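# Working through the structure, step by step
So you can see what is in the structure, the chains are spelled out below.
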Amino acid sequence: MQQLTLFSESAPVIPVTYYPDFLGTEAANSLYQHCLQLEWQQNQIRIAGKTMPVPRLECIYGDYGCDYLYSKCVFLKPLTWTEQLSNLQDRITALTGYKFRIVIGNQYRTGTDSIGWHADNEPSMGSNPAIASVSLGSCRKFQIKPIGGRPTDFWLEHGSLLVMHPGCQSTHLHQVPKTNKVVSTRINLTFRPHTARSR
Ligand SMILES: O=C(O)CCC(=O)C(=O)O
């Protein structure tokens, strides 16, 4: 499998690994169709005292009790794993060695759907989480930058996997910016750890 590592123990550059062809086209197409049927919700976020719709649809699946709160106001309660998402999780764990408890889906319906600069550093994931991100559908630009530094762009392709290694969320920010280009739906699945006790 093709792999692009921008990280080394001695000279960390960007602590991510990108696998452009993690899923073959057929598997990616079938997973995309499955994901379109997931329970997508339009959540509301509070920014600078104003409540507004999150600029994308979201869903969450995972282990019982692995509730997830982000930006201190968006509360996500996992639905039970679907077979396809659970199998995908197992495949990523087999490749990377990282274990996950939840997957959060983002659906970008058009170029105006986006996610701004942030780090995935919610305490419920524990310290130094590894996060694995699968992209399906339209190709969108993903940017990552060291805090206070300059961004590097990735074009996250249909069926690709981007792994953000432990430590990345403390040193780097990432985003999927809006685009004026005409783009169709993109689905992103981020597999994450969680500190809730296992049942
Ligand atoms: O859509 C993506 O590739 C990134 C999603 C993301 O940054 C997040 O869910 O925190």
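In this text the structure is predicted, and so the values were computed from the model without any measurement. (Residues numbered from 1 in each chain as written. Predicted model: local features only at pLDDT ≥ 70, side-chain atom pairs only at ≥ 80, totals over all residues. Heavy atoms only, no water.)

### As for the overall build of the protein
- Scanning the protein from N- to C-terminus turns up three helices and 15 strands.
- Over its C-alpha trace the protein gives a radius of gyration of 16 Å, about what one expects of a compact globule, namely 16 Å for 199 residues.
- Burial statistics for the protein: of 199 residues in total, 50% are counted as buried.
- Put simply, of all contacts in the protein between residues at least 6 apart along the chain, 71% involve residues at least 24 apart.
- Surface accessibility of the protein: about 10100 Å² in total, with carbon and sulfur atoms responsible for 52%.
- Seen as two clouds, the 19 positive and the 14 negative side-chain charges of the protein have centres 9 Å apart. (Helix = DSSP H or I, 4+ residues; strand = E, 2+ residues; numbered from the N terminus. Rg over C-alpha atoms; globule rule 2.2 N^0.38 Å. Buried < 20%, exposed > 50% of the residue type's maximum accessible area, 1.4 Å probe, protein only. Contact = heavy atoms within 4.5 Å. Areas by Shrake-Rupley, 256 points an atom, 1.4 Å probe, with all protein chains shown as cover. Lys, Arg positive; Asp, Glu negative; His and termini not counted. Charge placed at Lys NZ, Arg CZ, Asp CG, Glu CD.)

### Remarks on helix 2 (residues 83-96)
- Over its 14 residues, helix 2 runs 20 Å from end to end, which matches the ideal 20 Å to within 8%, given 1.5 Å per residue.
- Those residues of helix 2 not exposed but buried are Leu 85, Leu 88, Gln 89, Ile 92 and Thr 96. Projected down its long axis, helix 2 shows its buried positions confined to an angular sector of 105°, all on one face. What points out from helix 2, more than 90 degrees from its buried face, is the exposed set Glu 83 and Ala 94.
- In this structure, the buried residues of helix 2 make contact with helix 1 (25-36), strand 5 (57-62), strand 8 (102-108), strand 10 (131-137), strand 13 (160-164) and strand 15 (186-192). (Expected span 1.5 Å × (residues − 1). Arc of directions from axis to C-beta.)

### Quick look at the environment of Ala 132
- Mapping Ala 132 onto the fold places it in strand 10.
- Placed 114 residues apart in sequence, Ala 132 and Tyr 18 show a C-alpha to C-alpha distance of 9.8 Å.
- When residues no more than four places from it in sequence are discounted, the contact partners of Ala 132 are Ile 92, Phe 100, Leu 161, Leu 162, Val 163, Leu 189, Thr 190 and Phe 191.

### Quick word on the pattern of salt bridges
- Summed over the entire model, instances satisfying the criterion amount to six salt bridges.
- Linking Asp 67 and Lys 77 is a salt bridge whose minimum nitrogen-to-oxygen distance equals 3.1 Å. Of this pair, Asp 67 sits in the loop between strand 5 and strand 6 (68-70) while Lys 77 sits in the loop between strand 7 (74-76) and helix 2, and the two are ten residues apart along the sequence. (Salt bridge = Lys/Arg side-chain N within 4 Å of Asp/Glu carboxyl O.)

### A look at the sheet that holds strand 8
- Pairing is antiparallel across the open sheet formed by seven strands, whose spatial order is 1-2-13-10-15-8-5. The outermost strands of the open sheet, each flanked by one partner alone, are strand 1 (4-5) and strand 5.
- In the sheet, strand 10 pairs with strand 15 via six bridges, with the strands oriented antiparallel. Opposite Gly 137, over in strand 15, you have Arg 186 as the bridge partner.
- Each of strand 2 (16-19), strand 5, strand 8, strand 10, strand 13 and strand 15 touches helix 2; the most contacted strand, strand 15, lies at about 60° to it. (Pairing = 2+ DSSP bridges. Axes fitted to C-alpha atoms, helices over the stretch in contact; angles between N-to-C directions.)

### Quick word on the sheet that holds strand 12 (residues 152-156)
- On the basis of which strands lie adjacent, the open sheet formed by four strands has the order 9-14-11-12 and antiparallel pairing. Unpaired on one side and paired on the other, strand 9 (115-118) and strand 12 mark the two borders of the sheet. For this sheet the average axis-to-axis angle between neighbouring strands, irrespective of direction, equals 15°.
- The sheet contact formed by strand 11 (residues 140-146) and strand 14 (residues 172-176) spans four bridges and is antiparallel. Each residue of the ladder has a partner; that of Pro 146, found in strand 14, is His 172.

### Re the site of the ligand
- With respect to spatial proximity, 13 residues lie near the ligand, and among them Asn 106, Tyr 108, His 118, Asp 120 and Arg 186 are the closest.
- Asp 120 has a polar side-chain atom sitting 2.9 Å from an oxygen atom of the ligand.
- Contacts to the ligand include His 174, whose side-chain N or O atom sits 3.0 Å from an oxygen atom.
- For the shell around the ligand, the elements supplying multiple residues, two or more each, are strand 8, strand 9, strand 14 and strand 15. (Near = heavy atom within 4 Å. Polar contact = N/O pair within 3.5 Å; in protein donor to acceptor, adjacent residues only side chain to side chain.)

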